[in-house]
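Spelled out, the chains give:
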Amino acid sequence: MGKIIELTHDDVQNELAYALICETMEGAYWNSGRRRRMFRKAFTRSEQQRISNIKAKAHKWYLVTGVPEKVRMSYDNYLLWQRLANFCAAI
């Protein structure tokens, strides 16, 4: 089993670019053929499935409920959040 990390509300605000991920992945440009090809090339099929959960969580935090006081996740998921944010920022 991998390491589990716990982030506070402020840590999530500072370290997980959930607003960027939500805005980017829900925008019209996201579904372009070029973006889909880049996405498939950058992330494995397994990562893509995990990213669908990240997208849902980013949407919920950004547009519905806000960030909870504490968030627990595996260190691997934390690194995937970072990679996805970098990918979204590179548009």
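Before reading further, recall that the structure is shown in the block above.
These numbers come from a predicted model, not from an experiment.

K.L.:
Give me the lowdown on the pattern of salt bridges, citing residues and values where you can.
P.N.:
Considering all chains together, one arrives at three salt bridges under this definition. Across the pair Arg-72 and Glu-6 runs a salt bridge whose closest N-O atoms are separated by 3.9 Å. Of this pair, Arg-72 sits in strand E2 (residues 70-74) while Glu-6 sits in strand E1 (residues 4-8); the two residues are 66 residues apart in sequence, bridging distant segments of the chain. Here Arg-83 and Glu-47 are joined by a salt bridge, their closest N and O atoms 2.6 Å apart. Here Glu-47 lies in helix H4 (residues 45-64) and Arg-83 lies in helix H5 (residues 75-89), a separation of 36 residues in the sequence. When salt bridges with common partners are traced through the structure, they connect Glu-6, Lys-70 and Arg-72 into a single cluster.

K.L.:
Can you tell me about the packing of aromatic side chains, naming the residues and giving the values?
P.N.:
Evaluation of the coordinates by the stated rule reveals nine aromatic pairs. Between Trp-30 and Phe-39, the aromatic rings sit 5.4 Å apart at their centres with planes inclined by 65 degrees, giving edge-to-face as the arrangement. Relative to Tyr-78, the ring of Tyr-75 lies with its centre 5.9 Å away and its plane at 25 degrees, an arrangement referred to as stacked. Here the residue Tyr-75 and the residue Tyr-78 both occupy positions in helix H5, the gap between them amounting to three residues, near one helical turn.

So, how was this worked out
Residues numbered from 1 in each chain as written. Predicted model: local features only at pLDDT ≥ 70, side-chain atom pairs only at ≥ 80, totals over all residues. Heavy atoms only, no water. Salt bridge = Lys/Arg side-chain N within 4 Å of Asp/Glu carboxyl O. Helix = DSSP H or I, 4+ residues; strand = E, 2+ residues; numbered from the N terminus. Phe/Tyr/Trp six-rings, centres within 6.5 Å; stacked < 30°, edge-to-face > 60°.

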